[in-house]
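# Summary of the model geometry
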Amino acid sequence: YEEDSTMEVYYQTGLTVSAGENIDLQLGESSVIDFTLENTGQSEIQDLSGELDVTGIDDQYYSWSGLGSDSLESGDELRASLELTIPSSEDVTPGQKTVTLTASGSSADESLENSATVYATVPVQEEQDEQDSESSDTQEQNESGSPSVPGPQEVSQMTGEFVQSQ
């Protein structure tokens, strides 16, 4: 045994980021996405930061709680949330939007980074005025039957017109 020998101690490090379920946004209503950061390692995470990336939704329509701390003890969790509120009067492109939280920090002289993504779907907005007038026109034109299925006379007429045009 040597007196001047040193012993190195290694700590397991780990940072997980998880998120709630994917959501369907309802225009005019608030929706919340929750994120959880957990230190799964054996030493404290320092210089903890979170970068939020929201695609397809203007930043005026959401508020971010932030992480609330720049460190995380071993085994501890932090929760952060994003609240989305898109007014019903806004013209937002429908479809799937992504919300990603990327967290980073350092623990036991090691850099850590992890992320989680949630998909938020913006519904197709239907114009109420146009929809009402279209349905009343259809009902007037086709009182006896389904508006989406033409009658036998109409099929015969359309087929004849098509054949004549060839």
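Here, every reference points to the structure presented above.
Anyway, here's the lowdown on the structure attached to this text. Since the model is a prediction, treat every value here as computed from it, not as a measurement. (Residues numbered from 1 in each chain as written. Predicted model: local features only at pLDDT ≥ 70, side-chain atom pairs only at ≥ 80, totals over all residues. Heavy atoms only, no water.)

Tallying secondary structure elements over the protein gives two helices and eight strands in all. Secondary structure of the protein in N-to-C order comes out as β-β-β-β-β-β-β-β-α-α. Of all 166 residues assigned to the protein, the portion counted as buried reaches 25%. Taking contacts inside the protein between residues at least 6 apart in sequence as the whole, the part at least 24 apart equals 70%. Carbon and sulfur atoms form 41% of the exposed surface of the protein, whose accessible area is close to 11,600 Å². (Helix = DSSP H or I, 4+ residues; strand = E, 2+ residues; numbered from the N terminus. Buried < 20%, exposed > 50% of the residue type's maximum accessible area, 1.4 Å probe, protein only. Contact = heavy atoms within 4.5 Å. Areas by Shrake-Rupley, 256 points an atom, 1.4 Å probe, with all protein chains shown as cover.)

Considering all chains together, one arrives at one salt bridge under this definition. Across the salt bridge formed by Glu77 and Arg79, the nearest N and O atoms sit 3.1 Å from each other. (Salt bridge = Lys/Arg side-chain N within 4 Å of Asp/Glu carboxyl O.)

Let us look at the sheet that holds strand 2 (residues 23-24). One open sheet accounts for four strands, arranged 2-8-7-4; its pairing is mixed. What marks the edges here is a single partner per strand, and that holds for strand 2 and strand 4 (46-54). As judged from the two bridges shared by strand 2 and strand 8 (residues 110-122), these two strands associate in the parallel manner. Opposite Ile23, over in strand 8, you have Ala120 as the bridge partner. (Pairing = 2+ DSSP bridges.)

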